[in-house]
Amino acid sequence: MIGYVGSMPGKVFSEREFTLVKKILASGETIDKHNHPGFTVLVTIVKGEIKVVLNDDEDREFKPGKVLKFDGENYISIEAMQPSEFFVTLIKKDN
């Protein structure tokens, strides 16, 4: 098989250079503050609306079509403003 299609929530792809995770949150559901040292992080929303807080001082609301990029040394927390689906891509940094 040349191509693989992943669609289930959780870890979709995991390779040496990157990991792709699909998250599905109900309205009001949260992901507690955490970070991903050693990675560049991309958050791509595909359904709903989420509020992202970085380092407790920068917050933004995201709807489909938007992509957030940040250094994984920073802390992130997420709250679903409505039922939401998004992908988190963790890209390993060169050390």
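Caption draft 1: Looking closely at the pairing of strand E2 (residues 18–25). With four bridges joining them, strand E1 (residues 10–14) and E2 adopt antiparallel strand pairing. Its bridge partner being in E2, Lys11 is matched across the sheet by Val21. Counted along the chain from E1 to the antiparallel partner E2, the turn is three residues long. With eight bridges joining them, E2 and strand E7 (residues 75–92) adopt antiparallel strand pairing. Across the sheet, the residue bridging to Lys22 is Phe87, located in E7.

Caption draft 2: View of the pattern of salt bridges. Under the definition given, this model contains five salt bridges. Residue Arg16 is joined to Glu17 by a salt bridge in which the shortest nitrogen-to-oxygen separation is 3.2 Å. The partly exposed category is assigned to Glu17, whose relative accessible area is 41%. Linking Arg60 and Glu58 is a salt bridge whose minimum nitrogen-to-oxygen distance equals 2.8 Å. Residue classification places Arg60 among the partly exposed positions, given a relative accessible area of 41%.

Caption draft 3: Representation of the side chain of Lys22 within the structure. Secondary-structure assignment places Lys22 in strand E2. Contacts of Lys22, omitting those with residues within four sequence positions, involve Ser7, Met8, Pro9, Gly10, Val12, Glu85, Phe86 and Phe87.

Parameters and conventions
- Position numbers for residues count from 1 along each chain, tracking the sequence in the order it is written.
- In view of the model being predicted, local features appear only for residues whose pLDDT reaches at least 70, and side-chain atom pairs are presented and counted only at 80 or more, with totals across whole chains, interfaces and linings using the full set of residues.
- Values reported for side chains reflect all heavy atoms of the structure, with hydrogen atoms and water molecules removed beforehand.
- Two strands are counted as paired when DSSP detects at least two bridges linking them.
- Helix and strand assignments follow DSSP, with helices taken as H or I runs no shorter than four residues and strands as E runs no shorter than two, numbered in order from the N terminus.
- For this document, the term salt bridge refers to a Lys or Arg side-chain nitrogen within 4 Å of an Asp or Glu carboxyl oxygen.
- We call a residue buried when its accessible area falls under 20% of the maximum for its residue type, exposed when it is over 50%, and partly exposed in between, using a 1.4 Å probe and counting protein chains only.
- Should any heavy atoms of two residues lie within 4.5 Å, those residues are considered in contact.

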